[in-house]
Amino acid sequence: MKITLFFCAGLFAESMGAHTLDDLRGRASDAVDVGGVHGGALGMMGLPPTAGFISKWQLGLGALDSPHPWVLGCWWPRRR
């Protein structure tokens, strides 16, 4: 999942000459076909049914079964 995001960043850098986020401003219509590859980001976030969700779910269950279930609170995403 992470490597697809790095590949997309490299593709934007090479094909569009975008090396900073400011360089990408207003260019979303130029890269509509590449946007689908950012599905790797969904897996990194852990949205179901991606593999990222399965691994995060298993880590959470393991934390609950451990003698220290409070570690789940350290991992749980917080609002900012």
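Keep in mind that this is a model prediction, so the values were computed, not measured.

## What to know about the overall build of the protein chain
Part 1: Helix and strand counts for the protein chain come out as five helices and zero strands.
Part 2: Mapped from its N terminus to its C terminus, the protein chain presents α and β elements in the order α-α-α-α-α.
Part 3: When burial is assessed residue by residue, the protein chain has 18% of its 80 residues classed as buried.
Part 4: Here the contacts in the protein chain between residues at least 6 apart in sequence split such that 35% fall between residues at least 24 apart.
Part 5: Summed over all atoms, the accessible surface of the protein chain reaches about 6,400 Å², with 66% contributed by carbon and sulfur.

## Considering helix 4 (residues 51–65)
Residues spaced three or four apart along an α-helix point in a common direction, a consequence of the helix completing one turn every 3.6 residues.
Part 1: With 15 residues, helix 4 should reach 21 Å at 1.5 Å per residue; the first-to-last C-alpha distance of 21 Å fits that figure.
Part 2: Along helix 4, the positions that sit buried rather than exposed are Gly 52, Gly 60 and Ala 63. When helix 4 is viewed along its axis, its buried side chains cluster within an angular range of 65° and face the same direction. Seen from the buried face of helix 4, the exposed residues on the opposite side, beyond 90 degrees, are Ala 51 and Asp 65.

## Overview of a nonpolar patch on the surface
Part 1: Together, Ile 3, Phe 6 and Phe 7 give the surface a local cluster of nonpolar side chains, amounting to about 370 Å² of exposed area.
Part 2: The exposure class of Ile 3 is partly exposed, given its relative accessible area of 49%.

## A short note on helix 1 (residues 2–16)
Part 1: Between its terminal C-alpha atoms helix 1 stretches 21 Å, which fits the 21 Å expected from 15 residues at 1.5 Å a residue.
Part 2: For helix 1, the full list of buried residues reads Cys 8, Phe 12, Ala 13 and Met 16. The buried side chains of helix 1 occupy one side of the element, clustering within an arc of 135° when seen end-on. In helix 1, those exposed residues whose orientation departs by more than 90 degrees from the buried face are Phe 6, Phe 7, Glu 14 and Ser 15.
Part 3: Gly 17 sits one or two residues past helix 1 and shows a positive phi near 70°.

## Structural notes on unusual backbone geometry
Part 1: Cis rather than trans, the peptide bond between Pro 48 and Pro 49 has omega equal to 0°.
Part 2: One can find Pro 49 in the loop between helix 3 (39–45) and helix 4.

## Comments concerning the environment of Leu 72
Part 1: Here Leu 72 lies in helix 5 (residues 71–75).
Part 2: A C-alpha to C-alpha distance of 6.3 Å links Leu 72 and Gly 60, two positions 12 residues apart in sequence.

Conventions and cut-offs
Residues numbered from 1 in each chain as written. Predicted model: local features only at pLDDT ≥ 70, side-chain atom pairs only at ≥ 80, totals over all residues. Heavy atoms only, no water. Helix = DSSP H or I, 4+ residues; strand = E, 2+ residues; numbered from the N terminus. Buried < 20%, exposed > 50% of the residue type's maximum accessible area, 1.4 Å probe, protein only. Contact = heavy atoms within 4.5 Å. Areas by Shrake-Rupley, 256 points an atom, 1.4 Å probe, with all protein chains shown as cover. Expected span 1.5 Å × (residues − 1). Arc of directions from axis to C-beta. Patch = residues over 30% accessible without salt bridge, like charges linked within 9 Å, V, L, I, M, F, W, Y side chains within 5 Å. Salt bridge = Lys/Arg side-chain N within 4 Å of Asp/Glu carboxyl O.

Just geometry here; none of it tells us what the structure is for.
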